[in-house]
Amino acid sequence: MTGTKVWEFLGIYSGRVNPQSDLGVVWHVSALHELFDAAESDNRKRIEAKAAEQQNV
C-alpha cells in the first residue's frame with residue numbers, strides 16, 4: 001500500500017432532476033454532516049427532556 005488516496009466521498013446521489021435529464025441531484029457531504037449534526041442534537045434534547053419529565057413524575 002502506498003498511502004495514496006484513491007477515492008474521496010463527495011456526497012449521496014438521490015436521483016435525476018427529471019426522467020429525460022442526464023443531470024442528477026447529489027447531497028454534498030457538508031449537507032450530510034449538517035443533517036447528522038442536527039439529528040444528533042435533536043436526539044440529545046429528546047433524551048434530556050424525557051429524563052427531566054421522569055424526574056418530575
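Before going into details, it helps to say that this report is about the structure given with it. On a predicted model such as this, the values are computed, not experimentally measured, just so you know.

### Notes on the overall build of the protein chain
And then number 1: The helix and strand inventory of the protein chain stands at 1 helix and 2 strands.
And then number 2: Listing each helix as α and each strand as β along the protein chain from the N terminus yields β-β-α.
And then number 3: Relative to the 2.2 N^0.38 estimate, which gives 10 Å for 57 residues, the radius of gyration of the protein chain is 20 Å and therefore markedly larger than a compact globule would have.
And then number 4: With the C-alpha coordinates aligned to their principal axes, the bounding extent of the protein chain is approximately 55 × 40 × 15 Å.
And then number 5: Residues classed as buried in the protein chain amount to 5% of the 57 residues present.
And then number 6: Of the accessible surface of the protein chain, which amounts to about 5600 Å², a share of 57% is contributed by carbon and sulfur atoms.
And then number 7: Put simply, the protein chain has 6 plus and 8 minus side-chain charges, and the middle of one group is 3 Å from the middle of the other.

### Some words on the pattern of salt bridges
And then number 1: On inspection of all chains with the given rule, the structure shows 2 salt bridges.
And then number 2: Among the ionic pairs, Arg44 bridges to Glu40, the shortest N-O distance being 4.0 Å. Separated by 4 residues within a single helix, Arg44 and Glu40 lie in helix H1 (residues 29-55), roughly one turn from each other.
And then number 3: Using a relative accessible area of 43% as the deciding quantity, one classes Arg44 as partly exposed.

### A look at a nonpolar patch on the surface
And then number 1: Among the surface-exposed residues, Val6, Trp7, Phe9, Ile12, Val17, Leu23, Val25, Trp27, Leu35 and Phe36 lie close enough to one another that they form a single nonpolar patch of about 1100 Å² accessible area.
And then number 2: Within the residue set of the nonpolar patch, elements represented by two or more residues are strand E2 (24-28) and H1.
And then number 3: Within the fold, Phe36 resides in helix H1.

### Concerning the side chain of Ser21
And then number 1: Within the secondary structure layout, Ser21 lies in the loop between strand E1 (11-16) and E2.
And then number 2: You can call Ser21 buried: its relative accessible area is 13%.

Cut-offs and rules
Residues numbered from 1 in each chain as written. Predicted model: local features only at pLDDT ≥ 70, side-chain atom pairs only at ≥ 80, totals over all residues. Heavy atoms only, no water. Helix = DSSP H or I, 4+ residues; strand = E, 2+ residues; numbered from the N terminus. Rg over C-alpha atoms; globule rule 2.2 N^0.38 Å. Buried < 20%, exposed > 50% of the residue type's maximum accessible area, 1.4 Å probe, protein only. Areas by Shrake-Rupley, 256 points an atom, 1.4 Å probe, with all protein chains shown as cover. Lys, Arg positive; Asp, Glu negative; His and termini not counted. Charge placed at Lys NZ, Arg CZ, Asp CG, Glu CD. Salt bridge = Lys/Arg side-chain N within 4 Å of Asp/Glu carboxyl O. Patch = residues over 30% accessible without salt bridge, like charges linked within 9 Å, V, L, I, M, F, W, Y side chains within 5 Å.

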